[in-house]
Amino acid sequence: MNDLEKLYAEIMEQFAIVQEKHEKFIEKGNKSAESDVRLALGEIKKLITPYRKASVEAVKKMKK
(Lines give C-alpha, C1' and ligand atoms only; values in the text may rest on other atoms or scores of the structure.)
Protein backbone atom coordinates (compact mmCIF):
# COMPACT_ATOMS: atom_id res chain seq x y z
CA MET A 1 0.00 0.00 0.00
CA ASN A 2 1.46 3.35 -0.99
CA ASP A 3 1.37 6.59 1.04
CA LEU A 4 -1.69 7.92 -0.75
CA GLU A 5 -3.68 4.77 -0.02
CA LYS A 6 -2.58 4.73 3.63
CA LEU A 7 -3.54 8.34 4.13
CA TYR A 8 -6.90 7.78 2.45
CA ALA A 9 -7.57 4.79 4.72
CA GLU A 10 -6.70 6.83 7.81
CA ILE A 11 -8.98 9.69 6.70
CA MET A 12 -11.84 7.27 6.09
CA GLU A 13 -11.33 5.65 9.52
CA GLN A 14 -11.57 9.05 11.17
CA PHE A 15 -14.60 9.95 9.07
CA ALA A 16 -16.32 6.74 10.21
CA ILE A 17 -15.70 7.82 13.81
CA VAL A 18 -17.23 11.22 13.03
CA GLN A 19 -20.36 9.58 11.60
CA GLU A 20 -20.76 7.11 14.47
CA LYS A 21 -20.15 9.58 17.29
CA HIS A 22 -22.22 12.34 15.71
CA GLU A 23 -25.20 9.99 15.51
CA LYS A 24 -24.77 9.11 19.20
CA PHE A 25 -24.71 12.79 20.07
CA ILE A 26 -27.81 13.58 18.02
CA GLU A 27 -29.81 10.50 19.06
CA LYS A 28 -28.83 10.26 22.72
CA GLY A 29 -27.42 13.66 23.57
CA ASN A 30 -24.10 12.04 24.51
CA LYS A 31 -21.79 15.02 25.12
CA SER A 32 -18.60 12.94 25.17
CA ALA A 33 -19.51 11.62 21.71
CA GLU A 34 -19.44 15.15 20.34
CA SER A 35 -16.01 15.64 21.93
CA ASP A 36 -14.88 12.50 20.09
CA VAL A 37 -16.23 14.01 16.86
CA ARG A 38 -14.10 17.10 17.34
CA LEU A 39 -11.01 14.98 18.02
CA ALA A 40 -11.60 12.91 14.87
CA LEU A 41 -12.10 16.09 12.82
CA GLY A 42 -8.78 17.38 14.16
CA GLU A 43 -7.09 14.18 13.02
CA ILE A 44 -8.64 14.54 9.57
CA LYS A 45 -7.34 18.10 9.41
CA LYS A 46 -3.82 16.84 10.18
CA LEU A 47 -4.06 14.22 7.41
CA ILE A 48 -5.26 16.56 4.66
CA THR A 49 -1.93 18.26 3.87
CA PRO A 50 0.08 15.02 3.63
CA TYR A 51 -2.70 13.54 1.49
CA ARG A 52 -2.60 16.51 -0.88
CA LYS A 53 1.19 16.22 -1.21
CA ALA A 54 0.99 12.47 -1.87
CA SER A 55 -1.76 13.09 -4.41
CA VAL A 56 0.36 15.61 -6.33
CA GLU A 57 3.27 13.16 -6.35
CA ALA A 58 1.03 10.36 -7.61
CA VAL A 59 -0.22 12.54 -10.47
CA LYS A 60 3.36 13.48 -11.40
CA LYS A 61 4.33 9.78 -11.52
CA MET A 62 1.34 8.97 -13.72
CA LYS A 63 2.33 11.63 -16.26
CA LYS A 64 5.79 10.09 -16.77
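Computed from a predicted model, the values in this text were never measured in an experiment. (Residues numbered from 1 in each chain as written. Predicted model: local features only at pLDDT ≥ 70, side-chain atom pairs only at ≥ 80, totals over all residues. Heavy atoms only, no water.)

A. Seen up close, the packing of helix α1 (residues 3–28) against helix α2 (residues 31–63). Across the interface, α1 lies against α2 with an axial gap of 8 Å and an inter-helix angle of 160 degrees. Of the possible angle classes, the one that applies to α1 and α2 is roughly antiparallel. For the pair α1 and α2, the crossing hand works out as left-handed. A breakdown of the residues in the contact of α1 with α2 according to their chemical character gives 19 nonpolar, three polar and seven charged. (Axes fitted to C-alpha atoms, helices over the stretch in contact; angles between N-to-C directions. Helix = DSSP H or I, 4+ residues; strand = E, 2+ residues; numbered from the N terminus. Parallel < 35°, antiparallel > 145°, perpendicular 65-115°, else oblique. Left-handed = near helix turned anticlockwise from the far one by under 90°. Nonpolar A, V, L, I, M, F, W, Y, C, P; charged D, E, K, R; others polar.)

B. Spotlight on the pattern of salt bridges. Applying the stated criterion across every chain, the model contains four salt bridges. With its nearest N and O atoms 3.8 Å apart, the salt bridge here joins K60 to E57. Here K60 and its partner E57 are both found in helix α2, three residues apart, which amounts to about one turn of the helix. The class for E57 is partly exposed, based on a relative accessible area of 40%. (Salt bridge = Lys/Arg side-chain N within 4 Å of Asp/Glu carboxyl O. Buried < 20%, exposed > 50% of the residue type's maximum accessible area, 1.4 Å probe, protein only.)

C. Focus on a nonpolar patch on the surface. Together, Y8, M12 and F15 line one region of the surface with nonpolar side chains, adding up to about 300 Å² of accessible area. Positionally, Y8 belongs in helix α1. (Patch = residues over 30% accessible without salt bridge, like charges linked within 9 Å, V, L, I, M, F, W, Y side chains within 5 Å. Areas by Shrake-Rupley, 256 points an atom, 1.4 Å probe, with all protein chains shown as cover.)

D. Looking closely at the nonpolar core. Grouped together as the largest cluster of nonpolar side chains are eight residues: L7, I11, V18, V37, A40, I44, L47 and A54. Only α1 and α2 provide two or more residues apiece to this core. Considering every element that reaches this core, the biggest residue donor is α2, with five residues. In this structure, I44 is in contact with I11, Q14, F15 and V18, ignoring residues within four places of it in sequence. (Core = buried A, V, L, I, M, F, W, Y, C linked by side-chain atoms within 4.5 Å. Contact = heavy atoms within 4.5 Å.)

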